[in-house]
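Next come the chains, spelled out residue by residue.
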Amino acid sequence: MRKMTMLAIAATVMTVAVPAMAYYLTSPSEDPLGDTLRQYGFVPINPPSNLMNVGSLYYVDSEVKDFKAICHADKADIEDSVVSSRSWEMQESLERKGRFATGVKVDVGWLLNDSVDKNYVVRVHSSLTDIVLEEIPLGPNWSIFAKLMEKPECSQVAMRYIHAGGYVCQGQKILQATAEFKLDRDAQNKLAANAKATADNIKDIVKLAVESQSDQTVVDKEGRLFAGTALKYGVSMNPICLAPPTGRFQRVLPHTALGRVTNFVLFNIVEPILPAKPDRLEVAQGAHDVEGPK
């Protein structure tokens, strides 16, 4: 009876989730950068940083928004395995479709010749350029994973957090880029037609605004404003993450709201009512015998 009740609950949840997902897919997105990154199989890193690396092991929350490092791969283990390359296709797509708001505002009303818009405030937007991908092939990444799991401080923490409601995954690909700062097109056209200041003056004002309202330095390259430091904006984990020893379903990071709901139902409603799977950790001869991503 308990199993039938739980299955009925699971079916009910999925019945509700499907219409909700249909609404989600048809509603306008407020995250063009994240949408574009997801199209290429990356999960956005918010805020972007240089803290994440390929080969390292992470706890990822159930919403797939927060990444916490469990163990970092040794540089000596990854330096001969990492492949870096530029991606012109992704760069073009991110420059065209992945523009995102920076939260920086600039009051430029005093620059306009007419007095109607003296309180004219514009927002600074960014797009990503100089796209560089770092990747470790799955084979070498497995060897790095095995070395990490030989360390008790890695394997014990990984197995503890595998039951915390999220995922334990290994970084396989990283997207690094440099942000370019621009005013939106309407503001650029309005300033070009009515501003008292020159284009260089306006550029200097934008540069000062970004540096004062954020923690980024800005450099001028041939009349364009770029962040002074390249950051990592997206990560792609191994296709299959670490699963509990008694788990019945593979742990795969969801990339949509429907995927998150489906995983919740499978892992928290369906899996507990299935026959228990033998815990192979109890018979493992060593940490290297721990089953990895599956």
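Residues numbered from 1 in each chain as written. Predicted model: local features only at pLDDT ≥ 70, side-chain atom pairs only at ≥ 80, totals over all residues. Heavy atoms only, no water.

## Considering the pattern of salt bridges
Selection criterion: When a carboxyl oxygen of Asp or Glu is within 4 Å of a side-chain nitrogen of Lys or Arg, the pair counts as a salt bridge. Segments assigned H or I by DSSP are reported as helices when at least four residues long, segments assigned E as strands when at least two residues long, and all are numbered from the N terminus. Burial classes: relative accessible area under 20% of the type maximum marks a residue as buried, over 50% as exposed, and values in between as partly exposed (1.4 Å probe, protein chains only).
Scanning the model with the defined rule gives eleven salt bridges in all. Note that D77 is salt-bridged to K147, the shortest N-O span being 3.0 Å. Here the residue D77 occupies a position in helix α3 (residues 75–78), and K147 occupies one in helix α5 (residues 138–149), the gap between them amounting to 70 residues. Residue class for D77 comes out partly exposed when judged on its relative accessible area of 22%. For K147, a relative accessible area of 43% corresponds to the partly exposed category. Three or more residues joined by partner-sharing salt bridges are found here, namely D31, D35 and R38.

## Notes on helix α8 (residues 199–213)
The periodicity of an α-helix, 3.6 residues per turn, causes residues three or four positions apart to be oriented the same way. Threshold: What a helix should span is 1.5 Å times the count of its residues minus one. What the arc describes is the spread of directions from the helix axis to the C-beta atoms.
With 15 residues, α8 ought to run about 21 Å at 1.5 Å a step, and its terminal C-alpha atoms sit 21 Å apart, in line with that. Within the span of α8, buried status applies to I202, K203, I205, V206, A209 and V210. Seen end-on, α8 carries its buried residues on one side only, within an arc spanning 160 degrees. Exposed and facing more than 90 degrees away from the buried side of α8 are L208 and S212.

## A short note on the packing of aromatic side chains
As a reminder of what qualifies: Stacked, edge-to-face and tilted labels apply to pairs of Phe, Tyr and Trp rings (six-membered ring for Trp) whose centres lie within 6.5 Å, assigned for plane angles under 30 degrees, over 60, and everything in between, in that order. As a reminder, the over-ring test applies to NZ of lysine and CZ of arginine, requiring each to be within 6 Å of the ring centre and within 35 degrees of the ring normal.
All chains considered together, the criterion is met by four aromatic pairs. With 6.4 Å between their ring centres and 55 degrees between their planes, F100 and Y233 make a pair best called tilted. Highlighted residues: F100 in strand β5 (residues 100–107) and Y233 in strand β10 (residues 231–237), separated in sequence by 133 residues. In this pair, the class of F100 matches that of Y233, namely buried. Over the ring of F226 we find K221, and its NZ or CZ is 5.7 Å from the ring centre. The aromatic ring of F267 is capped on one face by R251, whose charged end is 3.8 Å from the ring centroid.

## Here we look at the state of the cysteines
Condition: Disulfides are defined as pairs of cysteine sulfur atoms found within 2.5 Å of each other.
Applying the stated criterion to the full structure yields two disulfides. With cysteine numbering restricted to those in disulfides and following the sequence, the chain has the pairing 1-2, 3-4.

## So, the side chain of Q172
To be explicit about the condition: Pairing of N or O atoms within 3.5 Å defines a polar contact, subject to two protein rules: one partner must be a possible hydrogen donor and the other a possible acceptor, and residues neighboring in sequence count only if both atoms are side-chain atoms.
Counting through the fold element by element, Q172 comes out in strand β7 (residues 167–183). Assessed through its relative accessible area of 8%, Q172 is described here as buried. A polar side-chain atom of Q172 sits 3.3 Å from a polar atom in the side chain of E135.

## Regarding the confidence of the model for the chain
Heads up, the condition is: How sure the predictor is of each residue is captured by pLDDT, a score from 0 to 100.
Summary statistics for the chain give a mean pLDDT of 82 and a share of 80% for residues scoring 70 or more. The least confident element of the chain is helix α1 (residues 2–26), whose mean pLDDT is 52; the most confident is strand β2 (residues 57–60), at 97.

## Let's talk about the pairing of strand β8 (residues 218–221)
Convention followed: Pairing between two strands is assigned when DSSP locates at least 2 bridges connecting them.
Of the pairings in the sheet, the one linking β8 to strand β9 (residues 224–227) comprises four bridges and is antiparallel in character. When the bridges of β9 are listed, D220 appears paired with L225. What sits between the antiparallel neighbours β8 and β9 is a turn of two residues, in which E222 has the positive phi angle 55 degrees.

## Describing the packing of helix α2 (residues 32–39) against helix α4 (residues 88–97)
How we decide: A fitted line through C-alpha atoms represents every axis, and for helices the fit uses only the stretch in contact; the resulting angles, taken between N-to-C directions, go from 0 to 180 degrees. Should an angle fall under 35 degrees it is taken as roughly parallel, and over 145 as roughly antiparallel, whereas 65 to 115 is taken as roughly perpendicular and any remaining angle as oblique. Helix crossings get a hand from a simple test, with the near helix turned counterclockwise from the far one by less than a right angle marking a left-handed crossing and a clockwise turn marking a right-handed one. Throughout, a residue-residue contact means that at least one pair of heavy atoms, one from each residue, lies within 4.5 Å.
Packing of α2 against α4 brings their axes to within 9 Å, and their N-to-C directions diverge by 155 degrees. Put simply, α2 runs roughly antiparallel to α4. Read as a crossing pair, α2 and α4 show a hand that is right-handed. On the side of α2, the interface is formed by P32, L33, T36, L37 and Q39, while α4 contributes S93, L94 and K97.

## Side note on the environment of V168
Position of V168 among the secondary structure elements: in strand β7. In this structure V168 comes out as buried when scored by relative accessible area, which is 0%. In this structure, the C-alpha to C-alpha distance between V168 and A69, residues 99 residues apart in sequence, is 9.7 Å. Excluding its chain neighbours within four sequence positions, the residues that come into contact with V168 are L57, Y58, Y59, I70, A158, Y161, I162, C241 and L242.

## Some thoughts on unusual backbone geometry
Trans is the common state for peptide bonds, and a negative phi is the common state for residues other than glycine. In this structure, P47 follows N46 across a cis peptide bond, with omega equal to -5 degrees. Among the structural elements, P47 can be located in strand β1 (residues 43–49). Positive phi, normally seen in glycine, also occurs at D130, with a value near 50 degrees. Its location among the elements puts D130 in strand β6 (residues 121–135). On the accessibility criterion, D130 (34% relative accessible area) is partly exposed. A positive phi angle, near 55 degrees, is found at E222, a position not held by glycine. Locating E222 in the fold gives a position in the loop between β8 and β9.

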